[in-house]
Amino acid sequence: MGVLERMDYPQEGLPKGANPDWTISQGFERYSAAEHQTWTTLYERQAEILPGRACAAFLHGLDALDLHGHGIPDFRSLNEKLSSLTGWRVVAVPGLVPDAVFFDHLANRRFPAANFIRGAGELDYLQEPDIFHDVFGHVPMLTDPIFADYMQAYGKGGLRAVSLGHLANLARLYWYTVEFGLLETSEGLRIYGAGIVSSKTESIFALNSASPNRIGFDLERVMRTLYRIDDFQQVYFVIPSLQDLLDVTTGTDFGPLYEKISLQTDIPIAAIEPYDKIFTRGTQDYARSGGRLRQGAA
Ligand code: HBI
Ligand code: FE
């Protein structure tokens, strides 16, 4: 596989001191003891609930990278382990970066991770991904050779979707796989999505709640389905295997698929379509009763 052509990274809004590719230094020496403790607290909460919930590839990745409760990881030693496994590296960024920048890093097997950690008073709900979400949530799966290839393919596809003007559809694929995907195994459903696996409450909700729908993954269906960014998902999509996810995405020409989808309506979040393979038909009680805001007020 050849190296991608050098792209001109957009520079609009580039924070002062950042490199032209939007990376910054992690600044590992600047973390306070309290910030390291926040990582350890979050890690320990997840360690308690993830066995039997997270997929084997994720749990194996945690071990392979020694991403346990020793405080915020230093990207230098993390990258030695990660790059020797799958050729991926983690690069520090100040936060959300423009789509094309994000995709170009992925297409080159670099995962952009925020360098800051959430405050100790906001362990559960995040407006913007922090280092715990980005590193604990995403990086273990990058030790899996199949998933590592999927993420790179997604980056290449993202650059193409931007140029074709269909990023909204492709972003749904990312959302319902990389962030909120479930995997079918002989022992039951397991989590591989980073948005779930980095959250204690959503890890339990995604697998154990009667509220959400759980539906078999279908590429076109997923790319037509709306999603919510402000609360637990109302639908999770289940893949039969990581290999299947990689095959279906690399074996599809997205150009004609975007054309086809642009003629169809979006699918509402909680809809069940006649052709869906239903794992769980959810009650939708959680969303109907007001979700996160209602719970907080109760
Ligand atoms: N930037 N740092 C960061 N992390 C992301 O997950 C991210 C981003 N920029 C754009 C982006 N995601 C979206 O384009 C994708 O989620 C589709
Ligand atoms: Fe994420």
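Rules behind the numbers
- Residues numbered from 1 in each chain as written.
- Chains lettered and ligands numbered in written order.
- Predicted model: local features only at pLDDT ≥ 70, side-chain atom pairs only at ≥ 80, totals over all residues.
- Heavy atoms only, no water.
- Near = heavy atom within 4 Å.
- Polar contact = N/O pair within 3.5 Å; in protein donor to acceptor, adjacent residues only side chain to side chain.
- Areas by Shrake-Rupley, 256 points an atom, 1.4 Å probe, with all protein chains shown as cover.
- 1 Å grid on protein atoms, 1.4 Å probe; cavity = no way out; pocket = protein on both sides within 12 Å on 5 of 7 lines; lining within 4 Å.
- Sits in = over half its atoms within 2 Å of the grid points.
- Helix = DSSP H or I, 4+ residues; strand = E, 2+ residues; numbered from the N terminus.
- Nonpolar A, V, L, I, M, F, W, Y, C, P; charged D, E, K, R; others polar.
- Phe/Tyr/Trp six-rings, centres within 6.5 Å; stacked < 30°, edge-to-face > 60°.
- Buried < 20%, exposed > 50% of the residue type's maximum accessible area, 1.4 Å probe, protein only.

Q: Residue-level account of the site of ligand 1, with values.
A: Around ligand 1, the neighbouring residues are Val93, Gly95, Leu96, Val97, Asp99, Phe102, Phe103, Tyr154, Ala171 and Tyr174. Backbone polar atom of Gly95 to a nitrogen atom of ligand 1: 2.9 Å apart, as the coordinates give it. Taking Val97, its main chain carries an N or O atom lying 2.7 Å from a nitrogen atom of ligand 1. Burial of ligand 1 by the protein chains amounts to 85% of its free accessible area of 390 Å². Given that more than half its atoms are within 2 Å of the pocket grid, ligand 1 belongs to the largest pocket. Residue assignment for the shell around ligand 1 shows that the elements contributing at least two residues are helix H4 (99–107) and helix H7 (167–179). Looking at the shell around ligand 1 residue by residue, the classes come out as 8 nonpolar, 1 polar and 1 charged.

Q: An account of the packing of aromatic side chains is requested, with residue identities and associated values reported.
A: Applying the stated criterion to the full structure yields 20 aromatic pairs. Between the aromatic rings of Phe132 and Phe136, the centroid separation amounts to 4.6 Å while the plane-to-plane angle is 10 degrees, which identifies the pairing as stacked. Here Phe136 and Phe132 lie together in helix H5 (residues 131–138), a separation of 4 residues that amounts to about one turn. The buried category is assigned to Phe132, whose relative accessible area is 0%. When the centroid spacing of 4.5 Å and the interplanar angle of 20 degrees are considered together, the rings of Trp175 and Tyr227 count as stacked. Here Trp175 is found in helix H7, whereas its partner Tyr227 is found in the loop between helix H10 (219–223) and strand E6 (235–239), with 52 residues between them in sequence. Feature note: the residues Trp39, Tyr43, Phe58, Phe132 and Phe136 constitute an aromatic cluster, connected by ring pairs.

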